[in-house]
Amino acid sequence: PRHCHSGSSIMPLWVHARMSSSTSVPRSYVSPVVARVRVPVHVGGSLVAGVGRCGGVRPVRRVCLGSVASGLASSDMVHVPRDPSFERSIPGVDAMDDDDSVASSALSAHAPSDLFELFNVDDDASSEDIKKKYKTLQKLVHPDVAGDEASAMAALLNEALPLLLDKSFRVAYVTARKQLRRGGYGGFDGNPKSAWAGDPRADAIFVDECSCIGCTLCATQAPATFEVEQTHGRARVTTQWADSDDDLDEAIAMCPVSCIHIVPRRELALLEFTMTSCEREDIAIIRRRLSGNMASPSAENDPFDRAAVYLKMRNRASAKRAKEGIANSLETNRELAAHAGAIASAYLALPLQVRQKGWPSAGKTGGGGGEKNSGEITLKA
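Residues numbered from 1 in each chain as written. Predicted model: local features only at pLDDT ≥ 70, side-chain atom pairs only at ≥ 80, totals over all residues. Heavy atoms only, no water.

### Overview of the overall build of the chain
Thinking step 1. Counting its secondary structure elements, the chain contains 15 helices and 10 strands.
Thinking step 2. The 381 residues of the chain split such that 47% are buried. (Helix = DSSP H or I, 4+ residues; strand = E, 2+ residues; numbered from the N terminus. Buried < 20%, exposed > 50% of the residue type's maximum accessible area, 1.4 Å probe, protein only.)

### Points about the pattern of salt bridges
Thinking step 1. Throughout the structure, instances matching the rule amount to 8 salt bridges.
Thinking step 2. In this structure, Glu117 engages Arg181 in a salt bridge whose closest nitrogen and oxygen atoms are separated by 2.5 Å. One end of the pair, Glu117, is in helix α2 (residues 115-119); the other, Arg181, is in helix α6 (residues 167-182), with 64 residues separating them in the sequence.
Thinking step 3. Salt-bridge contacts for Glu281 lead to Arg289; the nearest nitrogen and oxygen are separated by 2.5 Å.
Thinking step 4. A cluster of three or more residues bridged by salt bridges with shared partners is formed by Asp114, Glu117, Arg177 and Arg181. (Salt bridge = Lys/Arg side-chain N within 4 Å of Asp/Glu carboxyl O.)

### Digging into the nonpolar core
Thinking step 1. With 40 residues, the main nonpolar core has Leu118, Phe119, Val141 and Met153 as its most contacted residues.
Thinking step 2. Counting only elements with at least two residues in this core, the list comes to α2, α3 (127-141), α5 (151-164), α6 and α13 (333-348).
Thinking step 3. Here Leu118 is in contact with Pro112, Leu137, Met153, Leu156, Leu157, Ile343 and Trp359, once residues within four sequence places are set aside.
Thinking step 4. Within the second largest apolar cluster, 22 residues are counted, among which are Phe86, Phe226, Ile260 and Ile286. (Core = buried A, V, L, I, M, F, W, Y, C linked by side-chain atoms within 4.5 Å. Contact = heavy atoms within 4.5 Å.)

### Some words on helix α8 (residues 245-254)
Thinking step 1. Among the 10 residues that make up α8, 7 are buried, leaving the element largely enclosed by the rest of the structure.
Thinking step 2. Within α8 the residues assigned to the buried category are Leu248, Asp249, Glu250, Ala251, Ile252, Ala253 and Met254.
Thinking step 3. Here the buried face of α8 lies against β6 (203-207), α7 (217-221), β7 (226-228) and β10 (260-264).

### Quick notes on the state of the cysteines
Thinking step 1. With the rule as written, the count across this model stands at 0 disulfides.
Thinking step 2. This cysteine, Cys278, is not joined by any disulfide, and Cys210 carries the nearest cysteine sulfur, 4.4 Å off. (Disulfide = S-S within 2.5 Å.)

### Topic: the packing of aromatic side chains
Given two aromatic rings, their pairing is described by the distance between the two centres and the angle made by the two planes.
Thinking step 1. Applying the stated criterion across every chain, the model contains 7 aromatic pairs.
Thinking step 2. Between Phe188 and Phe273, the aromatic rings sit 5.1 Å apart at their centres with planes inclined by 45 degrees, giving tilted as the arrangement. One end of the pair, Phe188, is in the loop between α6 and β5 (195-196); the other, Phe273, is in helix α9 (residues 265-277), with 85 residues separating them in the sequence. With respect to burial, Phe188 and Phe273 carry one shared label: buried.
Thinking step 3. A ring pair is formed by Tyr347 and Trp359, whose centres lie 5.4 Å apart and whose planes are at 90 degrees; its orientation type is edge-to-face. Of this pair, Tyr347 sits in helix α13 while Trp359 sits in the loop between α14 (352-358) and α15 (362-366), and the two are 12 residues apart along the sequence. Neither residue differs from the other here; Tyr347 and Trp359 are each classed as buried.
Thinking step 4. Connected via pairs of aromatic rings, a cluster forms that spans Phe116, Phe169 and Tyr173. (Phe/Tyr/Trp six-rings, centres within 6.5 Å; stacked < 30°, edge-to-face > 60°.)

### Some words on the side chain of Gln240
Thinking step 1. Locating Gln240 in the fold gives a position in strand β9 (residues 239-240).
Thinking step 2. Here Gln240 is in contact with Ser194, Ala195, Trp196, Ala197, Ala204, Ile205, Leu268 and Glu272, once residues within four sequence places are set aside.

### Notes on the packing of α6 against α13
Thinking step 1. Look at α6 against α13: their axes get within 10 Å of each other, and the N-to-C directions meet at 95 degrees. One element, α6, and the other, α13, form an angle in the roughly perpendicular class. Where α6 abuts α13, its residues Tyr173, Ala176, Gln179 and Leu180 lie against Asn333, Leu336, His339 and Ala340.
Thinking step 2. In terms of residue class, the contact of α6 with α13 is made up of 5 nonpolar, 3 polar and no charged. (Axes fitted to C-alpha atoms, helices over the stretch in contact; angles between N-to-C directions. Parallel < 35°, antiparallel > 145°, perpendicular 65-115°, else oblique. Nonpolar A, V, L, I, M, F, W, Y, C, P; charged D, E, K, R; others polar.)

### Here's the deal with unusual backbone geometry
Thinking step 1. Non-glycine residue Thr216 carries a positive phi angle of around 70 degrees.
Thinking step 2. By relative accessible area, Thr216 is classed as partly exposed at 34%.

### Regarding helix α10 (residues 283-290)
Thinking step 1. Regarding α10, its N-cap is Asp282, as a side-chain oxygen of that residue lies 2.8 Å from the backbone nitrogen of Ala284 further along.
Thinking step 2. Of the residues flanking the end of α10, it is Gly292, one or two places downstream, whose phi is positive at about 90 degrees. (Polar contact = N/O pair within 3.5 Å; in protein donor to acceptor, adjacent residues only side chain to side chain.)

Here you go:
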């Protein structure tokens, strides 16, 4: 028999099991460690099975085959190794040493992304306060004092001062700042949104909510790790590794649209941040795309692609780019991204001690001033 029956549906079922010497199975079906055996199993209310990404098995609950296949017991069921296809990383990021603080900065460091954050003033600050802050910061970042790495920030401050002293510009800039944050170009503090459980690991679990269809299978299988958020009805990781590895691997393998990924832990905070600004399509539209009746979605709503763009904007510091980023009209998303990127990249290019002295509160909100978060990340061409 090659199929199992559940009501009127017929689904192929693969069972992974460690074979005992007493089990009568054709030799061709058995590998030295794990065998894949087609067996007839009636699927009742307690078991759902189908084809998943993890070697073709997607059980919601392990079962003892008992009399169906002599020699197999619940204790003989073996953990299926995690499929490498679960793993995903932000495009363009080279392999990095986790202990390399220079390479990790753009992924995890807080950095100012608008002019008020840059000057560390409120949007209703007086002209006197802005001038005083400018003089303090300019003394710290002057290239003759801080080195060539500070030239972009020195140019940035010179361009920003007359703008912030212009009352009409400041009124318009408050509106632009709100759009900048809604678009996901500002407000990154370097901290992941999900909590962490258990021992430290080098990887984390991330759900691409733009691809999720709200099937709830992962939250059912691993409820301590996943939840279905109420606003859009999509799965989300609330606590990393809060369930057993077996349950989590099965939860990931169950996903019918492959929207759950294992990502490097150092990328988690940025991915969760960019996810907040991605537009979620209606689930009915996603299903139509999967059926081939609609074109692929825009890359702007892929959190991995958005994270890659965000990193590039934070990584290219220069005096010319600082001037161009400040001077644009801030009317389009591209201009907003260039503006925020020019500010962040100029900040991240500064020597660590300059950042700590000029922006002491930055490290408290996301590690911008911390030693572990200084420097830049290397990007592929």
